[in-house]
Amino acid sequence: ISELDFAEFDVEYTQLINGNRFPFSNNSIDSISGFDFLEHLSRAYRSDLGTNEFIHYMNEVARVLRPGGIALFVTPAFPGKMAFSDPTHQNFITQETVNYFVSSRANLSAPATEMKYGFNGKLTLLSQFWVYPPQLVFNSRIIHDDIDVEFGKFYLSKFFIKNLLRSPFSFLNEFIKPSHLVWVLKKPE
């Protein structure tokens, strides 16, 4: 929490307990963010959930997001060493992981649904890209200034241009050694 100043923005911070349902109604949340979080969710099967914590969490995200709502996740990912160096990481993310939770066409279910992994949500991928260093992502101005824009090919260039103005060396690091994967997901309307 120390990295983000929630008081500066009109947002509510809620801490969740792994495996519990989110304390929100269906289709009630405009956006959900998770920073350096997904990698800590277990992929071990839990009989009380009928799946694992990671899939349960993605189900809850899809359940509580309103149609058109946005989910933003930032996580260390393979092949970055940060994905493996922290001994509390249980869930290793790759560029392909997000594809299990999104469908390629509106009339298709996500692969994690088709494969009976326990996922029953509907999400689309607006953008996925690499960032480094993570401090750029945790600068809440970057995230919150851009969250209301349409995510896509123009978002990435805007992100890099803004960071070039802030620090030329940080901008170069984005290309040299990316470590964190950013997912921007949307619940279909």
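Use the structure listed above.
First, a word on what this report is: a plain description of the structure on this page. (Residues numbered from 1 in each chain as written. Predicted model: local features only at pLDDT ≥ 70, side-chain atom pairs only at ≥ 80, totals over all residues. Heavy atoms only, no water.)

Points about the sheet that holds strand S1 (residues 29–35)
Across the sheet, which stays open at both edges, the 4 strands sit in the order S1-S2-S4-S3 with mixed pairing between neighbours. Each end of this open sheet is capped by a strand with a single partner; those strands are S1 and strand S3 (124–131). Taken over all neighbouring pairs, the strand axes of this sheet differ in orientation by 10° on average, direction set aside. Here strand S2 (residues 65–76) runs beside strand S4 (residues 180–186); their pairing, made up of 7 bridges, is antiparallel. Within S4, the residue paired with proline 76 across the bridge is histidine 180. Each of S1, S2 and S4 touches helix H1 (residues 53–64); the most contacted strand, S2, lies at about 145° to it. (Pairing = 2+ DSSP bridges. Helix = DSSP H or I, 4+ residues; strand = E, 2+ residues; numbered from the N terminus. Axes fitted to C-alpha atoms, helices over the stretch in contact; angles between N-to-C directions. Contact = heavy atoms within 4.5 Å.)

Some thoughts on the side chain of glutamate 39
For glutamate 39, the position within the fold is in the loop between S1 and H1. In terms of polar contacts, glutamate 39 uses its side chain to reach the side chain of threonine 75, at 2.7 Å. In contact with glutamate 39, other than residues within four places in its own chain, are Thr75, Pro76, Thr88, His89, Gln90 and Asn91. (Polar contact = N/O pair within 3.5 Å; in protein donor to acceptor, adjacent residues only side chain to side chain.)

Comments concerning the packing of aromatic side chains
Across all of its chains, the model carries 9 aromatic pairs by this definition. Relative to phenylalanine 101, the ring of phenylalanine 54 has its centre 5.2 Å away and its plane inclined at 80°; by these criteria the two rings are edge-to-face. Of this pair, phenylalanine 54 sits in helix H1 while phenylalanine 101 sits in the loop between helix H2 (82–85) and helix H3 (111–114), and the two are 47 residues apart along the sequence. This pair shows no difference in class: phenylalanine 54 is buried, exactly as phenylalanine 101 is. A connected cluster of aromatic rings, assembled from ring pairs, spans Phe22, Phe37, Tyr57, Phe73 and Trp183. (Phe/Tyr/Trp six-rings, centres within 6.5 Å; stacked < 30°, edge-to-face > 60°. Buried < 20%, exposed > 50% of the residue type's maximum accessible area, 1.4 Å probe, protein only.)

Some remarks on H1
For H1, with 12 residues, the first-to-last C-alpha span of 16 Å sits near the 16 Å given by 1.5 Å per residue. Counting buried positions along H1 yields 12 of 12 residues, so the element is predominantly enclosed. Of the residues making up H1, those classed as buried are Glu53, Phe54, Ile55, His56, Tyr57, Met58, Asn59, Glu60, Val61, Ala62, Arg63 and Val64. Measuring from the backbone nitrogen of phenylalanine 54 back to the side-chain oxygen at the start of H1 gives 3.0 Å, which picks out asparagine 52 as the cap. (Expected span 1.5 Å × (residues − 1).)

What to know about a nonpolar patch on the surface
There is a patch of nonpolar side chains on the surface, built from Phe78, Phe84 and Phe92 and spanning about 290 Å² of accessible area. Here phenylalanine 84 shows up in helix H2. A relative accessible area of 43% places phenylalanine 84 in the partly exposed class. (Patch = residues over 30% accessible without salt bridge, like charges linked within 9 Å, V, L, I, M, F, W, Y side chains within 5 Å. Areas by Shrake-Rupley, 256 points an atom, 1.4 Å probe, with all protein chains shown as cover. Salt bridge = Lys/Arg side-chain N within 4 Å of Asp/Glu carboxyl O.)

Details of the environment of glutamate 114
Tracing the backbone shows glutamate 114 in helix H3. On the basis of relative accessible area, glutamate 114 is assigned to the exposed category, the value being 54%. Polar contacts involving the side chain of glutamate 114 include one to the side chain of serine 109, which spans 3.3 Å.

Quick notes on the nonpolar core
Tyr57, Met58, Phe73, Trp183 and Leu185 are the most contacted members of the largest nonpolar core, which totals 28 residues. Listing elements by their share of this core, those giving two or more residues are S1, H1, S2 and S4. Considering each element in turn, this core owes the most residues, 7 residues, to H1. Every residue in contact with methionine 58, bar those within four places of it in the chain, is listed here: Phe73, Phe101, Phe119, Leu123, Trp183 and Leu185. Counting residues in each nonpolar core, the second largest holds 8 residues, with Phe35, Ile70, Val74 and Val131 among its members. (Core = buried A, V, L, I, M, F, W, Y, C linked by side-chain atoms within 4.5 Å.)

Observations concerning the pattern of salt bridges
Evaluation of the coordinates by the stated rule reveals 5 salt bridges. Put simply, glutamate 53 and arginine 46 hold a salt bridge, and the shortest N to O gap is 2.9 Å. We classify arginine 46 as partly exposed; its relative accessible area is 22%. Its salt-bridge partner being lysine 186, residue glutamate 189 comes within 3.4 Å of it at the nearest N-O pair. Residues joined in a network through salt bridges with shared partners are Arg46, Asp48 and Glu53.

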